[in-house]
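For reference, the chains in residue letters:
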Amino acid sequence: MLDPKLIRANLDEVAQGLAKRGFELNVNLLRSLERERKEIQVKTENLQSERNSRSKNIGKAKAAGEDIAPLLKEVDQLKQDLASAETELHEVQNKLDEYLSTVPNIPATEVPEGASEDDNVEVRRWGTPRQFDFEVKDHVDLGASIDGLDFDTASKITGARFAVMRGGIAKLHRALIQLMLDTHENEHGYEEVNVPYIVNAESLYGTGQLPKFEEDLFKLNDERGFYLIPTAEVPVTNLLRDTLLDKGAELPLKFVAHTPCFRSEAGSHGRDTRGMIRQHQFEKVELVQFVRPEDSDAALETLTGHAEAILQKLGLPYRTVILCGGDIGFSAAKTYDIEVWVPSQDKYREISSCSSFRDFQARRLKARYRDPETGKPALLHTLNGSGLAIGRTLLAVMENYQQADGSILVPEALQPYMAGATRIQA
RNA sequence: GGAAGGGUGGCUGAGUGGUUGAAAGCACCGGUCUUGAAAACCGGCGUAGGUUAAUAGCCUACCCAGGGUUCAAAUCCCUGCCCUUCCGCCA
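Everything quoted here is computed from the prediction, not taken from an experiment.

Engineer: What am I meant to see in the overall build of chain A here?
Structural biologist: Looking only at helices and strands, chain A has 12 helices and 17 strands in total. By principal-axis analysis of the C-alpha atoms, chain A measures approximately 100 × 45 × 40 Å. Looking at chain A residue by residue over its 426 residues, the buried ones come to 48%. Excluding contacts between residues fewer than 6 apart, the proportion of contacts in chain A whose partners are at least 24 apart in sequence is 74%. Split by element, the accessible area of chain A, about 21,000 Å² in all, is 46% carbon and sulfur.

Here is the structure:
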């Protein structure tokens with residue numbers, strides 16, 4: 001949610017900022033709703049004030065033993081006027097809230113112009129894609145030949161976009177999780193948390209998945225209106241919903257969580273249908289930070305570095321891009337995507353997305369801290385990033401470390417987590 | 001699933017339908033005292049919105065959430081959510 005005061009005071013600048021991401025702010029609607037709101041609110045509050053003082057007088061008169069009947073008569077009309085004014089005010093405020101909750105965050109000034117992912121700008125590259133002296137297989141074929149990846153059985157059990165992993169591949173998958181959790185905890189200073197995988201609508205609203213993106217979610221057929229998490233960002237960021245951190249609280253707060261993620265992938269029919277790139281269920285190690293406003297820009301840089309560190313440990317070539325205005329997510333002010341080299345596709349594919357939301361999520365969440373300067377409550381800034389998506393990391397390891405005989409070498413960083421195994425083969 | 005009791009400020013915790021935005025304590029901030037600190041003492045200290053040049057005043061809302069009764073609701077009624085205790089069930 002954008003700051004309503006900012007919108008009120010700088011409507012045209014806000015509209016201009018949002019235009020960068022291709023969002024057309026309904027300036028006329030906002031102007032007229034705001035005018036209405038102001039008028040009705042003033043009227044309502046005046047009536048409330050009137051009622052309060054008259055009620056107090058009635059109380060006093062009664063205590064003094066006077067006849068209150070004439071006073072009650074006076075107040076009769078006021079009561080009706082107030083009721084209708086309050087109803088009117090509710091309606092305008094609901095309309096305003098409803099619209100504002102669908103308005104995305106304003107992209108940071110350094111976010112490049114552009115309409116789609118084609119306009120994202122590369123900021124750095126690490127590693128050199130390996131030259132293969134044999135025909136490269138993709139992870140689906142590699143997985144099948146060593147009996148480690150089975151999409152057909154998964155589709156029998158459930159349906160399309162699910163996977164069964166077995167033996168060495170399942171172990172490799174688990175080793176990746178362990179490596180990431182340990183690295184972020186021991187080397188990058190994150191606290192590991194374990195959180196619910198089922199969340200309520202308020203939590204999804206807080207991080208911005210609702211109300212606009214319900215079709216991307218799996219909703220439980222349950223009268224409580226629960227959803228499966230699409231990312232750990234939702235439960236972990238909601239740790240601080242409706243919270244005012246005490247003055248002594250240490251900032252930043254940094255959390256790392258390993259969770260499954262569930263996405264309905266509505267609207268992506270026909271995209272990445274082969275293999276593990278796009279699944280309804282996948283696992284991810286997620287990094288989440290709560291920081292002071294003045295620290296959030298720097299925090300995005302270090303957080304992105306934390307995600308990159310995993311790829312470096314694994315020796316996987318990658319590049320980092322900054323998303324252009326047209327490609328950036330609803331709640332984000334600035335996002336870096338990290339893309340790993342996928343040999344079978346001969347290109348870099350997204351494996352992590354690291355974003356600063358500034359105060360956009362915090363305003364929806366009411367996640368605040370006490371500013372030591374002023375002693376007043378202030379909104380925190382939130383950030384998160386995948387550190388990393390496990391399924392995509394797995395396929396990157398498989399493809400980049402494949403051998404001519406179809407076996408897969410285990411990167412050194414993972415060997416301790418695999419009882420020292422150096423190779424996965426049939 | 002059954003029974004009972006609860007949800008009040010950053011935290012703990014009082015609260016009679018009527019100058020209660022709410023006692024008290026803790027924490028925090030300022031001061032006195034002290035070489036300094038602690039202790040003690042004195043004072044201050046909720047959040048959000050509106051209006052405004054204003055972080056000044058004034059007004060409004062907020063005691064889990066949403067409805068209702070009333071001239072007036074933290075206080076009475078209804079619904080929901082959550083918590084605690086006991087019983088049952090259970091990984």
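Engineer: Explain the pattern of salt bridges to me, please; I cannot follow it from the model alone.
Structural biologist: Opposite charge on two side chains permits them to pair, given that their charged atoms come into close proximity. Summed over the entire model, instances satisfying the criterion amount to 24 salt bridges. Residues Arg-54 and Glu-50 are paired through a salt bridge, measuring 2.8 Å at the closest nitrogen-oxygen approach. Highlighted residues: Arg-54 and Glu-50, both in helix H3 (residues 27-63), separated by four residues, approximately one helical turn. Taking the relative accessible area as the measure of exposure, Arg-54 reaches 26% and is therefore partly exposed. Here Lys-313 makes a salt bridge to Glu-187, at a shortest N to O gap of 2.6 Å. Taken as a pair, Lys-313 in helix H10 (residues 296-314) and Glu-187 in the loop between helix H7 (167-186) and strand S4 (191-192) lie far apart in primary sequence, 126 residues in all. For Lys-313, a relative accessible area of 33% translates into the label partly exposed. Members of the salt-bridge network, linked through shared partners, are Glu-122, Arg-125, Arg-319 and Glu-339.

Engineer: So what exactly am I meant to see when it comes to the sheet that holds strand S13 (residues 367-370) here?
Structural biologist: Spatially, the three strands line up as an open sheet ordered S7-S13-S14, and their pairing is mixed. Since the sheet does not close on itself, it has two edges, and those belong to strand S7 (243-245) and strand S14 (377-379), each with one partner. Along the sheet, successive strands turn relative to each other by an average axial angle of 35°, direction set aside. Pairing analysis gives three bridges linking S7 to S13, with the strands arranged parallel. Bridge pairing in S13 places Thr-243 opposite Ala-367.

Engineer: Before we go on, may I ask you to explain empty space enclosed by the protein in this structure?
Structural biologist: To find leftover empty space, a probe the size of one water molecule is rolled over the atoms. A complete count under the given rule lists one cavity of 30 Å³ or more for this structure. Looking at the largest cavity, the residues that line it are Leu-245, Asp-246, Lys-247, Ala-249, Leu-251, Arg-292, Tyr-369, Arg-370 and Pro-372. By residue class, the composition of the lining of the largest cavity is five nonpolar, no polar and four charged.

Engineer: Even after reading the chapter, I still don't get the pairing of strand S10 (residues 318-322), so can you show me in this structure?
Structural biologist: Within a regular strand, the side chains alternate between the two sheet faces. The element S10 is largely enclosed, with a buried count of four among its five residues. The pairing of strand S1 (residues 121-126) with S10 spans five bridges and is classified as antiparallel. Following the sheet pairing, Val-121 is matched in S10 by Ile-322. Pairing of S10 with strand S11 (residues 334-342), which is carried by five bridges, proceeds in the antiparallel orientation. Residue pairing for S11: Arg-319 is matched across the bridge by Glu-339.

Engineer: What am I meant to see in a negative patch on the surface here?
Structural biologist: Taken together, the side chains of Glu-117, Asp-118, Asp-119 and Glu-350 make up a negatively charged region of the molecular surface. Note on placement: Asp-119 falls in the loop between helix H4 (69-100) and S1.

Engineer: Is there a simple way to explain the environment of Glu-187 in this structure?
Structural biologist: Placed 208 residues apart in sequence, Glu-187 and Leu-395 show a C-alpha to C-alpha distance of 25 Å. Those residues in contact with Glu-187, other than ones at most four positions away along the chain, are Asp-182 and Lys-313. There is a polar contact of 2.6 Å between the side chain of Glu-187 and the side chain of Lys-313.

Engineer: In this structure, what is going on with the layout of surface pockets? I would like to understand it.
Structural biologist: Put simply, the second largest pocket is a space of about 300 Å³. Every residue lining the second largest pocket is counted, 13 residues in all, and those nearest its centre are Pro-4, Arg-8, Glu-34, Leu-96 and Leu-100. Going through the elements one at a time, helix H1 (4-9), H3 and H4 are the ones with two or more residues in the lining of the second largest pocket. For the lining of the second largest pocket, the per-class residue count stands at seven nonpolar, one polar and five charged.

Engineer: I keep staring at the protein's contact with RNA strand B and nothing clicks. Help me out?
Structural biologist: Near RNA strand B lie 25 residues; those nearest to it are Arg-8, Lys-38, Gln-48, Arg-51 and Ser-55. Among all atoms of RNA strand B positioned within 4 Å of the protein, those belonging to sugar or phosphate total 74%. Note that a sugar or linking oxygen of RNA strand B is positioned 3.2 Å from one of the side-chain N or O atoms of Ser-49. Partitioned by chemical class, the residues of the surface near RNA strand B number six nonpolar, six polar and 13 charged.

Engineer: Is there a simple way to think about H4 in this case?
Structural biologist: The periodicity of an α-helix, 3.6 residues per turn, causes residues three or four positions apart to be oriented the same way. Taking 1.5 Å of rise per residue, the 32 residues of H4 would be expected to cover 46 Å, and the 46 Å separating its terminal C-alpha atoms lies within 8% of that figure. Bending of H4 peaks at approximately 30° at the position of Val-75. Regarding H4, the residues found buried are Val-75, Leu-78, Leu-82, Ala-85, Leu-89, Val-92, Leu-96, Tyr-99 and Leu-100. Contact partners of the buried residues in H4: H1 and H3.

Engineer: Can you help me understand the packing of aromatic side chains in this one?
Structural biologist: Given two aromatic rings, one states the distance between the centres and the angle between the planes to describe the pair. Applying the stated criterion to the full structure yields six aromatic pairs. Relative to Phe-134, the ring of Phe-132 lies with its centre 5.6 Å away and its plane at 80°, an arrangement referred to as edge-to-face. Between Phe-330 and Phe-360, the ring centres sit 5.7 Å apart and the planes meet at 80°, which makes this aromatic pair edge-to-face. Taken together, the positions of Phe-330 in the loop between S10 and S11 and Phe-360 in helix H11 (residues 360-365) put the pair 30 residues apart, joining distant regions of the chain. Both residues of the pair, Phe-330 and Phe-360, count as buried. It is Lys-254 that lies over the ring of Tyr-190; its NZ or CZ is 4.9 Å from the centre. In this arrangement the basic side chain of Arg-364 is found over the ring face of Tyr-205, its NZ or CZ atom lying 4.3 Å from the centre.

Thresholds applied
- Residues numbered from 1 in each chain as written.
- Chains lettered and ligands numbered in written order.
- Predicted model: local features only at pLDDT ≥ 70, side-chain atom pairs only at ≥ 80, totals over all residues.
- Heavy atoms only, no water.
- Helix = DSSP H or I, 4+ residues; strand = E, 2+ residues; numbered from the N terminus.
- Buried < 20%, exposed > 50% of the residue type's maximum accessible area, 1.4 Å probe, protein only.
- Contact = heavy atoms within 4.5 Å.
- Areas by Shrake-Rupley, 256 points an atom, 1.4 Å probe, with all protein chains shown as cover.
- Salt bridge = Lys/Arg side-chain N within 4 Å of Asp/Glu carboxyl O.
- Pairing = 2+ DSSP bridges.
- Axes fitted to C-alpha atoms, helices over the stretch in contact; angles between N-to-C directions.
- 1 Å grid on protein atoms, 1.4 Å probe; cavity = no way out; pocket = protein on both sides within 12 Å on 5 of 7 lines; lining within 4 Å.
- Points joined across faces, edges and corners; volume = space filled by probe spheres on them.
- Nonpolar A, V, L, I, M, F, W, Y, C, P; charged D, E, K, R; others polar.
- Patch = residues over 30% accessible without salt bridge, like charges linked within 9 Å, V, L, I, M, F, W, Y side chains within 5 Å.
- Lys, Arg positive; Asp, Glu negative; His and termini not counted.
- Charge placed at Lys NZ, Arg CZ, Asp CG, Glu CD.
- Polar contact = N/O pair within 3.5 Å; in protein donor to acceptor, adjacent residues only side chain to side chain.
- Near = heavy atom within 4 Å.
- Expected span 1.5 Å × (residues − 1).
- Bend = angle between axes of the 7 residues up to and from the residue.
- Phe/Tyr/Trp six-rings, centres within 6.5 Å; stacked < 30°, edge-to-face > 60°.
- Lys NZ or Arg CZ within 6 Å of the ring centre and 35° of its normal.

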